[in-house]
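Each chain is listed here by its residues.
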Amino acid sequence: MQDDPLLRNLNPEQLAAVTLPAQPALILAGAGSGKTRVLTTRIAWLLQQGAITPGGVMAVTFTNKAAKEMMTRLSAMLPVNVRGMWIGTFHGLCNRFLRAHWKLAGLPQSFQILDTADQLSAVKRIVKAMNLDEERYVPKQLSWFIAGSKEEGLRPRDVPVRDEHTRKMVEVYQAYEDQCQREGVVDFAELMLRTYELLRDNDPLRAHYQHRFSHVLVDEFQDTNRLQYAWLKMFAPPGNGQGVFAVGDDDQSIYGFRGALVGNMADFEREYRVERVVKLEQNYRSFGNILDAANALIAHNSRRLGKNLRTDAGPGEPVRVVESTSDFGEAQWVLEEIQQLHRGGLARKEIALLYRSNAQSRVIESALFNAGIPYRVYGGLRFFERAEVKHALAYLRLIENPNDDTSFLRVVNFPARGIGARTIEQLQDAARGTGRSLYQSVGAVAGKGGSNLAGFVGLVERLRERTRGLTLREIIEHMLHDAGLIDFYRTEKEGQDRIENLEELVNAAEAFVTQEGFGKDAVALPVDEHAPGTLSGDAPAPGPDLTPDAETGEIVSPLAAFLTHAALEAGDNQAQAGQDAVQLMTVHSAKGLEFDAVFITGMEEGLFPHENALSDSDGLEEERRLMYVAITRARQRLYLSFSQTRMLHGQTRYNVKSRFFDELPEHALKWLTPKQQGFGSGFAREYQQAWQRGSGFGSMVGAGRVAPAPPPLVPKAPSHGLRVGQSVFHTKFGEGLILTLEGQGDDARAQVNFGRHGMKWLALSVAKLTPVD
DNA sequence: CTGTCGCGCGTTTTT
DNA sequence: CGCGCGACAG
């Protein structure tokens, strides 16, 4: 077996995981332990053994990136037809499934996919139509409620109604569902829920897929939500003899806030009767001190499955800790350190600046910008989310499916063609209750608005006619021209960038068609020619000849395929991706990445751990896992930095260093600034200097490297005599610790952590706080 | 129908 | 402080 080239370089743990028998398995894969390698080698090994054919494999990931990487690595390992396998994201695979069984799923063949923004605007329309008070029924929250319910597997009728407010929200949910059904659109959660329900309710179909997939592999299992786990059980239920291979790391579960259930891992182990959990603890990424820090930190969490990373690489450099006096100073210090690293030969793209929340990037960005250092910020608008691109896509979607009211409303008057709010209202009134789409109802509006509407419909019809049979590129070019988008942006002052993005859309379409055929999200081939089609509870089991859905495995139009691609893969967020630039991102978006040098900035109480997560232990443990993720991104060098003051929401906050420092082993740390530092000494004058400089950037660094000249003034000594980090007593809440002090005089406020009484903001002019000790 | 002003708000995010 | 949205005026 050792001679097998596939298995040759695996360590014993990896080898054990890869060659497990075909039964349910749980792999606890630590950070940097070769998880993706194990997953892909497992598939390759199964194929090589002749145990399965490509068609029998399903591998599920969360991101397109992970899915792509799996396919790339797999085809490098074996000369295998990756297309034959079901490798993709949860949503991508659902799409594939629903495109094949659209009829059974009760969808139109050309159903469109709503992204989060589309969903929000659809909900807004409902709220308006139902005449609800948007203060009480906030569209964003409703949107969240609907997606959340679906991800719990709940249809409107299933949602427990406790009060009037919930009842109303369920009503909105129902109306939203009706609207989507009418328009032939599905949101992300709907892709999952529809697939789940169809499999649940259709015995032969379920049996078919369970038979087909002898092996199902799930990546990042700790991030699955309730619906995704239930979905998995439809494809491969416990006790069914299929090889279910779940890979995850409970210590890297950082998406609880969006419904991920770490508990799914323990549930999986129990329900699937996993005999042996394989732990991958050998780390190939980081040096010892970094791993010591990570291990020690995460050991403070209870409720773990238990895992300790180790390395053969030796201790390496200590983790460097730096205290700055202000966020400006922190940024300046980071900047100087980066320049030094780069001069020392480290590529800029090997340096990552991580922060807990996006708002923190601004200061660092301006420091880098002023110094002329190339950087790239992750997050923010992605390509397919840009307004001009969404406008273009809306036209394309209307060509495919004119009943998509969301797209209709987006572009009916863009570019402006004399269709105002009044006309739209009339149109919506006309459509309401008839079960018809806006597009179908334009005839009902008379007058000038009506003829303008007719003009718009004519435009869409003309586009559909004239682009029939053309290539995707030609379709888009026609549309851009005929709809007047290019002309519109040509007259705009800021329009040049937008025109470039529209041209980029043409390129993206071209690349999509040539590279991927129609791409993996599309159904270019019969998905499953043997899948049973017609079915209802009392129908006899159908033969393979009566499979209306499978017949639709005909080549889907390139346009439809591209639209699906655009919805399921929002694309990159920056054009200049290839350049050697310092990488700026939140800790969340850093998950799965690695860098030679990593700076974790803003290591302060209230920021990291974030104040909103301090009230319960679950929240704090997730923050700690987040910190664990951050630490384990670093290969060679890790910096932790915190600042005494920070500008947030236009106010200066006085922070204490993160409690996580107390959870790190002293031997692995090196304090570049003195570890204990009192307040009120150096920082006041430095802070003032930063302000006087206007831009705020100068030689401000940590207290160890302070410029001379001390006119100590700002900020002036607070009259209440309290300081951050001080213990105080409150008559009602008992003893607590001051975390933040803000404002002066009558406005002075303190944020105090009262332990089990929680975190409180107190106005010092009102609250009686007595210093303890 | 467009542009501008002013208000309110402000973890983390993929599909 | 800076953004995005909604209300209102031109």
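Residues numbered from 1 in each chain as written. Chains lettered and ligands numbered in written order. Predicted model: local features only at pLDDT ≥ 70, side-chain atom pairs only at ≥ 80, totals over all residues. Heavy atoms only, no water.

Caption draft 1: Main features of the pairing of strand 10 (residues 351-355). Across the five residues that make up strand 10, a large majority, five, are buried. Burial of the side chains of strand 10 extends over both faces: Ile351, Leu353 and Tyr355 are buried on one face and Ala352 and Leu354 on the other. Pairing between strand 10 and strand 13 (residues 595-600): four bridges, direction parallel. Residue pairing for strand 13: Leu353 is matched across the bridge by Phe599. Pairing of strand 10 with strand 12 (residues 582-586), which is carried by four bridges, proceeds in the parallel orientation. Across the sheet, residue Leu354 finds its bridge partner in strand 12, namely Met585. (Buried < 20%, exposed > 50% of the residue type's maximum accessible area, 1.4 Å probe, protein only. Helix = DSSP H or I, 4+ residues; strand = E, 2+ residues; numbered from the N terminus. Pairing = 2+ DSSP bridges.)

Caption draft 2: Molecular detail of the UniProt feature "binding site: ATP" (unreviewed entry) in chain A. UniProt records the feature "binding site: ATP" (unreviewed entry) at Ala29, Gly30, Ala31, Gly32, Ser33, Gly34, Lys35 and Thr36, using the numbering of this structure. If you trace the backbone, Ala31 turns up in the loop between strand 1 (25-29) and helix 2 (35-48). Setting aside chain neighbours within four positions, we find Ala31 in contact with Asp249, Gln252, Asn283, Arg285, Leu309, Thr632 and Arg633. Excluding residues that lie within four positions of it along the chain, Lys35 makes contacts with Ala29, Asp219, Glu220 and Val247. (UniProt positions renumbered as here; feature names shortened; annotations may be inferred. Contact = heavy atoms within 4.5 Å.)

Caption draft 3: The arrangement of the protein's contact with DNA strand C in detail. Taken together, Lys124, Arg362, His649 and Gly650 make up all the residues around DNA strand C. The sugar-phosphate backbone supplies 46% of the atoms of DNA strand C found within 4 Å of the protein. For DNA strand C, a sugar or linking oxygen lies 3.5 Å from a polar atom in the side chain of Arg362. (Near = heavy atom within 4 Å. Polar contact = N/O pair within 3.5 Å; in protein donor to acceptor, adjacent residues only side chain to side chain.)

Caption draft 4: Representation of empty space enclosed by the protein within the structure. Scanning the entire structure with this criterion turns up two cavities of 30 Å³ or more. In this model, the second largest cavity occupies a volume close to 30 Å³. As for the second largest cavity, its lining consists of Asp327, Glu330, Gln360, Val363, Ile364, Thr601 and Arg646. If you list the elements that add at least two residues to the lining of the second largest cavity, you get helix 13 (327-343) and helix 14 (361-371). (1 Å grid on protein atoms, 1.4 Å probe; cavity = no way out; pocket = protein on both sides within 12 Å on 5 of 7 lines; lining within 4 Å. Points joined across faces, edges and corners; volume = space filled by probe spheres on them.)

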